[in-house]
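Single-letter residue listing:
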Amino acid sequence: MKNILLVAFYYNHSNEIASKRLQGIAKYLPRFGFKPTVIVPKTSNETVNMPNVAVIETDYEDMISKFLPNSKGNETKSEVTSQNQPNPLVSKAISLAGEVFAYPDGMKYWYKPAFEACCDIIEKEEISGIISSSFPITSHIIAHDIKEKYNIPWIADLRDLWNLNPYINHTFIRDYFEKRLEKKTFENVDVLTTTTPLAKKTLQSLHPTKKIISVVSGYDPEDFENLSQTSSSDKMTLMYAGSLYGGKRDPSILFDSLNQLIGENKIDSDKISVDFYGDTTNLEELSEKYNVSQMVNVHGKVTHKEVLQNQMNSDILLLISWMDESEKMFIPGKVYEYMASRKPILSIGYSEGSLKELIEKTEIGFHVSDVGDCKKAIYDYYTKYNNNELKYCGNEFADEYSMENTAKKFAQILEEIQ
């Protein structure tokens, strides 16, 4: 079995969707002849241990804790900001300071201990390749310097794009230096990977001479082996789990559709329940605005295990995306876990793009972008539910989206660049 390094900051963050991809790659690579050693920062997160996977935890000092002594050293910048709830002026000051000091990211102080750990392993063992995964960008800078020093085959995995990420806005000066850094960082990379074909196409515009491969994510079948439906309701239950990203993921179309269907006497409000787990942003206000508060249940944060079990006990699983063209290249990681739950899906988001293509290819549900289509989808599900005909209809393509297949793709790339 060949040894490789996986530089993966969020590997031990069990509640981060990023960790699902990282852990899945590490877990299943040994089935294809590669034993990973995962380089992670030592934080308060519990170490994820798996057979044939070594985990090296290095020293780590977050940028926030370095300059704000009263903050907790193992929190990310976003967590500290959220908990302290600074006023707008303070938030602006932090943002401007971040443009200068958090370059290329707030985890930059992880570089030295992680780089040293990689060098130590390489000088003791034969390493056949290195995979770095971002965010943070620091992971790729570490891998770039390892590649430069030891000439080890290198895959840079961009779960989200770097400079071409539509959700990241920098000042003109920062943007200039960021793009220059991205080009310099990937000048010696063997392969760049992204999570969707559209993201690959977008990335190719900045790196026209580089080999770029789309490697989609998936679900881990073992997460669902001991799960089954444990309870049922006399109502058709729709469930959403995850963040609403400060209101960018807006359930208004859902609530408006339900309200109109009730007013048209097409559905009975007493026979439908909508459950939200995780983010609670504006849910109560919006449900009251559309007169559906009696149907909406806001549960707040629960464990990942509870989320999976609640998915099994629900009838329809909801995806809510930002209604913006920028969403076209993204596929939310939650859709893969929804696939594994084998429940019908109602996706509400931008009219075109990677998510819509995935749902239509796999036939796992409806993707809608306006109230008219949303009403049709809900009514279709409601009619089938009342006739005991509501069921999962995913086709053979849905079975391809497993983390084992994701790891297999990375193994194939590693073999090609040896």
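In the block above lies the structure referred to throughout.
To keep things clear, this report deals only with the structure shown in the data block. (Residues numbered from 1 in each chain as written. Predicted model: local features only at pLDDT ≥ 70, side-chain atom pairs only at ≥ 80, totals over all residues. Heavy atoms only, no water.)

1. A few points about unusual backbone geometry
Thinking step 1. With an omega dihedral of 10°, the bond running from Ser134 to Phe135 counts as a cis peptide bond.
Thinking step 2. Tracing the backbone shows Phe135 in the loop between strand S4 (127-134) and helix H6 (138-150).
Thinking step 3. Note that the residue after Phe135, namely Pro136, is joined by a cis bond; omega there is 5°.
Thinking step 4. Summarising the element assignment, Pro136 is placed in the loop between S4 and H6.
Thinking step 5. Positive phi values are uncommon outside glycine, yet Asn265 reaches one of about 60°.
Thinking step 6. Inspection of the secondary structure assignment puts Asn265 in the loop between helix H9 (252-263) and strand S9 (272-278).
Thinking step 7. At Asn388, a residue that is not glycine, the phi angle is positive and equals roughly 55°. (Helix = DSSP H or I, 4+ residues; strand = E, 2+ residues; numbered from the N terminus.)

2. Description of H9
Thinking step 1. If you check H9, its first and last C-alpha atoms are 16 Å apart, about what twelve residues at 1.5 Å a residue would give, namely 16 Å.
Thinking step 2. Of the residues making up H9, those classed as buried are Ser252, Ile253, Leu254, Phe255, Asp256, Ser257, Leu258 and Leu261.
Thinking step 3. Among the residues trailing H9, Asn265 stands out with phi positive, at a value near 60°. (Expected span 1.5 Å × (residues − 1). Buried < 20%, exposed > 50% of the residue type's maximum accessible area, 1.4 Å probe, protein only.)

3. So, the packing of helix H11 (residues 304-313) against helix H12 (residues 334-341)
Thinking step 1. Remark: H11 packs on H12, axes separated minimally by 9 Å, with the N-to-C direction vectors making an angle of 50°. On the basis of the axis angle, H11 is oblique to H12. Here H11 runs over H12; the crossing is right-handed. From H11, His304, Val307, Leu308, Gln311 and Met312 reach across to H12, where they touch Lys334, Glu337, Tyr338 and Ser341.
Thinking step 2. Split into classes, the residues belonging to the contact of H11 with H12 amount to four nonpolar, three polar and two charged. (Axes fitted to C-alpha atoms, helices over the stretch in contact; angles between N-to-C directions. Parallel < 35°, antiparallel > 145°, perpendicular 65-115°, else oblique. Left-handed = near helix turned anticlockwise from the far one by under 90°. Contact = heavy atoms within 4.5 Å. Nonpolar A, V, L, I, M, F, W, Y, C, P; charged D, E, K, R; others polar.)

4. Structural notes on the packing of aromatic side chains
Thinking step 1. What the rule picks out here adds up to eleven aromatic pairs.
Thinking step 2. Relative to Trp110, the ring of Phe9 lies with its centre 5.4 Å away and its plane at 80°, an arrangement referred to as edge-to-face. Of this pair, Phe9 sits in the loop between strand S1 (2-7) and helix H1 (17-28) while Trp110 sits in the loop between helix H4 (88-101) and helix H5 (111-124), placing them 101 residues apart in sequence. Across this residue pair, the class does not change: Phe9 and Trp110 are buried.
Thinking step 3. Considering the side-chain rings of Phe366 and Tyr381, the 5.2 Å spacing of their centres and the 65° angle between planes classify their relative orientation as edge-to-face. Separated by 15 residues along the polypeptide, Phe366 in strand S13 (residues 365-368) and Tyr381 in helix H14 (residues 371-386) bring together distant segments of the chain.
Thinking step 4. Taking relative accessible area as the criterion, Tyr381 reaches 5% and is therefore assigned buried.
Thinking step 5. Counting every residue linked through ring pairs, the aromatic cluster contains Phe9, Tyr10, Tyr60 and Trp110.
Thinking step 6. Over the ring of Trp322 we find Lys248, and its NZ or CZ is 4.7 Å from the ring centre.
Thinking step 7. Directly above the ring of Tyr379 sits Lys266, whose terminal nitrogen or CZ lies 5.9 Å from the centroid. (Phe/Tyr/Trp six-rings, centres within 6.5 Å; stacked < 30°, edge-to-face > 60°. Lys NZ or Arg CZ within 6 Å of the ring centre and 35° of its normal.)

5. As for the side chain of Ser321
Thinking step 1. Positionally, Ser321 belongs in the loop between strand S11 (316-320) and H12.
Thinking step 2. A residue is classified by how much of its surface remains accessible, and Ser321, at 6% relative accessible area, is buried.
Thinking step 3. Those residues in contact with Ser321 that lie beyond four places of it in its chain are Lys248, Arg249, Glu327, Ile348, Gly349 and Leu355.

6. Overview of a nonpolar patch on the surface
Thinking step 1. Residues Phe172, Ile173, Tyr176 and Phe177 make up a contiguous nonpolar surface patch of about 480 Å² in total accessible area.
Thinking step 2. With relative accessibility at 47%, the residue Tyr176 sits in the partly exposed group. (Patch = residues over 30% accessible without salt bridge, like charges linked within 9 Å, V, L, I, M, F, W, Y side chains within 5 Å. Areas by Shrake-Rupley, 256 points an atom, 1.4 Å probe, with all protein chains shown as cover. Salt bridge = Lys/Arg side-chain N within 4 Å of Asp/Glu carboxyl O.)

7. Notes on the sheet that holds strand S7 (residues 212-214)
Thinking step 1. Ordered in space as S3-S2-S1-S4-S5-S6-S7, the seven strands form an open sheet in which the pairing is parallel. Whereas interior strands pair on both sides, the edge strands pair on one side only; in this sheet they are strand S3 (54-58) and S7. The average angle at which neighbouring strand axes cross in this sheet is 20°, direction not considered.
Thinking step 2. Pairing between S4 and strand S5 (residues 154-158): five bridges, direction parallel. (Pairing = 2+ DSSP bridges.)

8. Looking at the pairing of S9
Thinking step 1. For S9, a buried count of seven out of seven residues is recorded, marking the element as mostly surrounded by other parts of the structure.
Thinking step 2. Across seven bridges, the pairing between strand S8 (residues 236-242) and S9 is parallel. Looking at S9, one finds that Leu238 is bridged to Val274.

9. So, the environment of Leu286
Thinking step 1. One can find Leu286 in helix H10 (residues 283-289).
Thinking step 2. On the basis of relative accessibility, which here comes to 15%, the residue Leu286 falls in the buried class.
Thinking step 3. Residues Leu286 and Ser252 lie 34 residues apart in sequence; the distance between their C-alpha atoms is 6.8 Å.
Thinking step 4. Contacts of Leu286, omitting those with residues within four sequence positions, involve Asp250, Pro251, Ser252 and Phe255.

Bear in mind that shape data such as this cannot, by itself, settle questions of function.
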